[in-house]
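Structure assessment
Okay, here's what each chain looks like letter by letter:
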Amino acid sequence: MVEAKGYDRSMPPAAPAPEELAGLLLKVVGMLHDCLDAEAASLGLSSRQGLALLHLAKPTPMGDLASCLRCDASNVTSLADRLEALGLVERAPAAPGSDRRVKWLVLTVEGTEARRRLQRQLAARHSAVGALDAASRRDLAGLLRRMSGSSETV
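Keep in mind that what you see is a predicted model, and the values were worked out from it rather than measured.

A closer look at the nonpolar core
Among the nonpolar cores identified, the biggest contains 25 residues, and L45, L65, L69, V76, L83 and L105 are the most heavily contacted of them. Listed by contribution, the elements that provide at least two residues to this core are α1 (18–42), α2 (47–55), α3 (62–69), α4 (73–85), β3 (103–107) and α5 (109–125).

Focus: the pattern of salt bridges
If charged atoms from side chains of opposite charge come close, those side chains can pair. Evaluated as defined, the whole model comprises three salt bridges. Between R120 and E113 there is a salt bridge, with its nearest N and O atoms 3.3 Å apart. Relative accessible area serves as the criterion here: at 33%, E113 is assigned to the partly exposed category. Beyond isolated ion pairs, a larger network of salt bridges with shared partners links D81, E84 and R91.

Some remarks on the packing of α1 against α5
If you want to describe how two helices pack, look at the angle between their axes and the distance between the axes. With their axes 10 Å apart at the nearest point, α1 and α5 run at an angle of 135° to one another. Considering the angle they form, α1 stands oblique to α5. For the pair α1 and α5, the crossing hand works out as right-handed. From α1, L32, C35, L36, A38, E39, A40 and S42 reach across to α5, where they touch L118, Q121, L122 and R125. Along the lines of polarity and charge, the residues of the contact of α1 with α5 split into seven nonpolar, two polar and two charged.

With respect to the packing of α2 against α4
Following both chains from N to C, one finds α2 and α4 inclined at 85°, their axes separated by 11 Å at the closest point. By the angle between their directions, the pair α2 and α4 is classed as roughly perpendicular. For the pair α2 and α4, contact is made by R48, Q49 and A52 and by L79, R82 and L83, respectively. Among the residues making up the contact of α2 with α4, the classes are represented as three nonpolar, one polar and two charged.

Some remarks on α5
Helix length check: α5, at 17 residues, gives a terminal C-alpha distance of 24 Å against a target of 24 Å (1.5 Å per residue), a fit within 8%. Every buried residue of α5 is listed here: G111, A114, R115, L118 and L122. Along the axis of α5, the buried positions cluster into a sector of 100°, meaning they face one direction only. Exposed and oriented more than 90 degrees from the buried face of α5 are V109 and A124. In this structure, the buried side of α5 is in contact with α1, α2 and β3.

Criteria and cut-off values
- Residues numbered from 1 in each chain as written.
- Predicted model: local features only at pLDDT ≥ 70, side-chain atom pairs only at ≥ 80, totals over all residues.
- Heavy atoms only, no water.
- Core = buried A, V, L, I, M, F, W, Y, C linked by side-chain atoms within 4.5 Å.
- Buried < 20%, exposed > 50% of the residue type's maximum accessible area, 1.4 Å probe, protein only.
- Helix = DSSP H or I, 4+ residues; strand = E, 2+ residues; numbered from the N terminus.
- Salt bridge = Lys/Arg side-chain N within 4 Å of Asp/Glu carboxyl O.
- Axes fitted to C-alpha atoms, helices over the stretch in contact; angles between N-to-C directions.
- Parallel < 35°, antiparallel > 145°, perpendicular 65-115°, else oblique.
- Left-handed = near helix turned anticlockwise from the far one by under 90°.
- Contact = heavy atoms within 4.5 Å.
- Nonpolar A, V, L, I, M, F, W, Y, C, P; charged D, E, K, R; others polar.
- Expected span 1.5 Å × (residues − 1).
- Arc of directions from axis to C-beta.

By themselves, these are just geometric observations and shouldn't be taken as functional.
Next comes the structure, spelled out in structure tokens:
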């Protein structure tokens, strides 16, 4: 069936241009960032502190956290100082036999709970994520992992 303007409804829509996808991704990232700002503040945290908590699903070397946050390691030192003062993380030495200069960040019980609350609040507040059914979320997660070159979750 062809409409007057030459559009055939039986054919799938054309694939969006990479520029359009980049714009859509930036829009969604901006929406998520706005949610993160608000939800981190509701827990008494800065956006950066909230983001750090989300990345600390498991004990993490401070240098790796700096890479995840895309910042200098010295920034993570001051971030870790603040999170430690709040009782959310502890610094841990490297495992025996590893580089003793590497310090690890480990969530405390309070930090684990704050991370869970932040995750729940982000999921509840960000309707775009909640609006997707299970199959769509699975597909999107697969595409995002492929695009990021990572199998890890945040």
